[in-house]
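# Reading the structure
Chain residues, written in single-letter form:
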Amino acid sequence: MRLVVGVDVGNTTTEACLARVGPEGAVTYLGTALMRTTGVKGTPENADGAVAAVRAVLARVGPLTDRLHAVLLNEATPVISGLAMETITETIITESTMIGHNPATPGGEGLGVGVTVPIGELLGDRRGAEGSLIVIVPHGWDFDDVAATLNAAVRDGVDVVAAVLAGDDAVLVTNRLEKPIPVVDEVAAVEKVPMGMLAAVEVAPPGRTIRTLSNSYGLATVFALDPAQTRQVSPVARALTGNRSAVVIRTPTGDVTDRLIPAGVLELRGAGKTLRVEVDAGADEIMATLARAQPLDDVHGEPGTHVGGMLAQVRDTMTDVTGQPASEIAIRDVLAVDTIVPAEVRGGLAGEVALEHAVALAAMVSTDRSRMQAVADRVAAQLGSSAGVGGVEGAMAVRGALTTPGVDRPVAVIDLGGGSTDAALLTAAGETTAVHVAGAGELVTKLIASELALDDREIAESVKRHPLAKV
Amino acid sequence: MTTPAGERTVSLRETGPARRGTREDEVVIAVSPAFAGHFTKTIVDVPHAEVLRQLLAGIEEQGVTARVIRVRDTADLAAIAHLGAKLSGSGIAVGVLSRGTTMLHQKDLPRLSNLELFPQSPLLDAEVFRKIGSNAAQYAKGESPEPVPTRNDQMARPRWQAKAALLHLKEFECIEADRGPIEVEPAFELSPA
């Protein structure tokens, strides 16, 4: 009876599987253990993770009478994958057209339409403005004083319809008002709000979102716009959708626009041609261009851009690992995915955030040198058993699949890993072919982290592993 | 532009022995024996009226109610805050000493532990007290707010330690050893500038 451990070193995790092999070659499965891969896959640093995984599986299975006979490692294809994300759109607000942030606690509810006026002009004899007023309160005003000033003005017949505050005082002020009005607070750059302009303030009840200002025709009604102008304000309405409160100010040349940011050019070489594609064209365009350059020889990014920096970093990592010069390292596959990232709006008054389009790129490098024998030697030294490289991943996966009852040749295996996705095909004639493509679990984790604005990779990983809904 | 107002003052009217609250959406503010009584301002002259008003405002802005009690038999901040927490319907309390030192406490924590502690009284101003009130209310609602950023000044200790010690001695003299906590109602008054 011999104890054998098979070890699969992956980009993210290292798995060990313990089995007892009988005299006639009968295999009894005993258990598995999973550890985080140490170092870059296919490098001698993997030995620590492999040894830890072997010890873990031995500990889990419990006391064994037989000695560990052999450890067999996978012939890890040295695949290194890199990830980069590039935002390709931005939203710009000009001339303080709108305040669309979402303070946690706005005050009052409803819609108020009037002309903006600083609160100072409501004091005593400084009152000049007539008609409906939206009061703008700068920093340094106490909530009791704001409420007292507004109440006094309303009592004297001034038509105050809404207020915009710099501090976090909306609930405090509305609780003290005799006539309820909608109040939006926490507007950090309140001094940039233009005065004497027609504006609208809307606050929805708790748990609801605004209705009028997030609708182009609602805005058209409020500001009496003609059809051409209504078309112009549609980005404003779109940007405010989903908020509990909003302020829209009608300024002569104010606007909210979407703009494309140049993100660099990707140069794809393969099939005897060199194709160039702009990253800001989006993932579909990149993948379509990629399809025309198959089989791919190498990929370069425009120097000085994000995409150039990212591909250079992948090459640097590979140079460190293999000792090959950067010029000899070729990127053999890329995968581009469209995604959205929350980003701060330029020109916003209250740190508004808009969902911008972005492109995520995964790149994969293959080298001709595998250093798994070095890993095997280290594992053998640490465990005191024999250790060897058991076989090529693709071939091993296919043989593993064939142990499933009822499976026969031809068979294809797809391995969705952390850094790359591998596919192997065993034909009826017994020939095995395997391919590696870029983009796998790590890319999914990164997309989740950026779309949900999570800083913590572990949380994003948990979101990925425990989906709330499946399609 | 400044606030068109004068100084505010506060007086605490005693309304009876402090009882345990039944509302789950309340925060108790527990003040020390000499707060808004023998003393009227903190170590850096923030009026007690402002301390209390900002704490109450921070709580109100979050839509939570507040009750104020005075603890009379100790000047130990942990004891004051923990007693307040045990009397609070939500189990959350803000403890405040006359010199300004403040603590957020929760009834199920050990007495010498706390949710948030603001030990350097000379660095606490109206804005910080507002945030402390806001955080207390958010804990009461079962949320996990970002702790209020604590400032740090290594010169605070040498500069203020002597005054703090004197203020503490005075507070200590105001202790009424065998009297339990009492419910108080703050009445704010605005004196013209």
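Just above, that's the structure.
The following paragraphs examine the structure supplied in this document.

Rules used in this analysis
What you see as residue numbers is a count from 1 along each chain, following the sequence as written. Whichever chain is written first becomes A and whichever ligand is written first becomes 1, with later ones labelled in order. Restriction of local features to residues with pLDDT of at least 70 applies here, the model being predicted, together with a cutoff of 80 or more for giving and counting side-chain atom pairs; totals for whole chains, interfaces and linings are based on all residues. Only runs of H or I of at least four residues qualify as helices and only runs of E of at least two qualify as strands under DSSP, and these elements are numbered from the N terminus. Here contacts are defined at the residue level, using C-beta atoms placed from the backbone and a cut-off of 7 Å between them. Note on terminology: a nonpolar core is a set of buried residues of type Ala, Val, Leu, Ile, Met, Phe, Trp, Tyr or Cys, with members joined through C-beta atoms within 7 Å. Buried, partly exposed and exposed are defined by the number of other C-beta atoms within 10 Å of a residue's own C-beta, namely 20 or more, between the two limits, and 12 or fewer respectively, with C-beta atoms placed from the backbone. Here an angle of 0 to 180 degrees is reported between the N-to-C directions of two axes, which are lines fitted to C-alpha atoms, with helices fitted over the stretch in contact. For classification purposes, angles smaller than 35 degrees are called roughly parallel, those larger than 145 roughly antiparallel, those between 65 and 115 roughly perpendicular, and all remaining angles oblique. It is the rotation of the near helix from the far one that decides the hand of a crossing: anticlockwise by less than a right angle makes it left-handed, clockwise makes it right-handed. Residues are sorted three ways: Asp, Glu, Lys and Arg are charged, Ala, Val, Leu, Ile, Met, Phe, Trp, Tyr, Cys and Pro are nonpolar, and all the rest, Gly among them, are polar. DSSP calls a pair of strands paired once it identifies at least 2 bridges connecting them.

Broken down by element type, chain B carries 4 helices and 7 strands. For chain B, the sequential pattern of α-helices and β-strands runs β-β-α-β-α-β-β-β-α-α-β. Counting contacts in chain B only where the partners sit at least 6 residues apart, residues at least 24 apart contribute 77% of the total.

Counting residues in each nonpolar core, the largest one holds 102 residues, and the members touching the most others are A:Val135, A:Ala163, A:Val164, B:Val27 and B:Ile29. Ranked by size, the runner-up nonpolar core spans 32 residues in total, among them A:Ala293, A:Val341, A:Met364 and A:Ala438.

Right, let's get into the packing of helix 1 (residues 48-61) of chain B against helix 3 (residues 126-140) of chain B. Residues and elements named next belong to chain B. One way to put it is that helix 1 packs onto helix 3 with a least axis distance of 7 Å and a crossing angle of 40 degrees. Regarding the angle of helix 1 to helix 3, the classification is oblique. In this structure, helix 1 crosses over helix 3, and the sense of that crossing is right-handed. Of helix 3, the residues touching helix 1 (which contributes Glu-50, Val-51, Gln-54, Leu-55, Leu-56, Ala-57, Gly-58, Ile-59 and Glu-61) are Ala-126, Phe-129, Arg-130, Lys-131, Ile-132, Gly-133, Ser-134, Ala-136 and Ala-137. For the contact of helix 1 with helix 3, the per-class residue count stands at 10 nonpolar, 4 polar and 4 charged.

As a further point, take the pairing of strand 3 (residues 27-36) of chain A. The side chains of a regular strand alternate, first on one face of the sheet and then on the other. Residue and element names in this part refer to chain A. Relative to strand 3, strand 2 (residues 13-21) is paired through 9 bridges, and the arrangement is antiparallel. Bridged to Leu-18 within strand 3 is Gly-31. Taking the residues that link successive antiparallel strands as the turn, the strand 2-strand 3 hairpin has 5 residues, and the phi of Gly-25 there is positive, at about 90 degrees.

A few words now on the environment of A:Ala291. Looking at where A:Ala291 falls in the secondary structure, it is placed in helix 6 (residues 283-292). Between the alpha carbons of A:Ala291 and A:Gly270 there is a distance of 9.8 Å; along the sequence they are 21 residues apart.

Time to look at the sheet that holds strand 1 (residues 8-17) of chain B. Paired through backbone hydrogen bonds, the strands of a sheet run either parallel or antiparallel to each other. All names here are of chain B. Strand order across the open sheet formed by 7 strands is 1-7-3-2-4-5-6, with mixed pairing between neighbours. Lying at the two open borders of the sheet, with one neighbouring strand each, are strand 1 and strand 6 (116-118). For this sheet the average axis-to-axis angle between neighbouring strands, irrespective of direction, equals 30 degrees. As paired strands, strand 1 and strand 7 (residues 182-190) are joined by 9 bridges and run antiparallel to one another. What sits directly across from Arg-13, in strand 7, is Glu-185.

Residues and elements named next belong to chain A. A sheet is described by the order of its strands in space; here 3 strands give the open sequence 21-22-23, paired in antiparallel fashion. Strand pairing shows two members of the sheet lacking a second neighbour, strand 21 (411-416) and strand 23 (432-438), which therefore form its edges. Direction aside, neighbouring strands of the sheet carry axes that sit 15 degrees apart on average. Here strand 21 runs beside strand 22 (residues 420-426); their pairing, made up of 6 bridges, is antiparallel. Each bridged residue has a counterpart across the sheet, and for Val-413 the counterpart in strand 22 is Ala-424.

What follows is about unusual backbone geometry. Residue and element names in this part refer to chain A. The peptide bond linking Arg-409 to Pro-410 adopts the cis configuration, its omega dihedral lying at -5 degrees. Positionally, Pro-410 belongs in the loop between helix 9 (393-402) and strand 21. Look at Glu-186: it is not a glycine, yet its phi comes out positive at around 60 degrees. Along the polypeptide, Glu-186 turns up in the loop between strand 11 (183-184) and strand 12 (198-203).

To continue, consider the pairing of strand 16 (residues 273-278) of chain A. Both strand 15 (residues 265-270) of chain A and strand 16 of chain A contribute to a ladder of 6 bridges, which runs antiparallel. Each bridged residue has a counterpart across the sheet, and for A:Leu268 the counterpart in strand 16 of chain A is A:Leu275.

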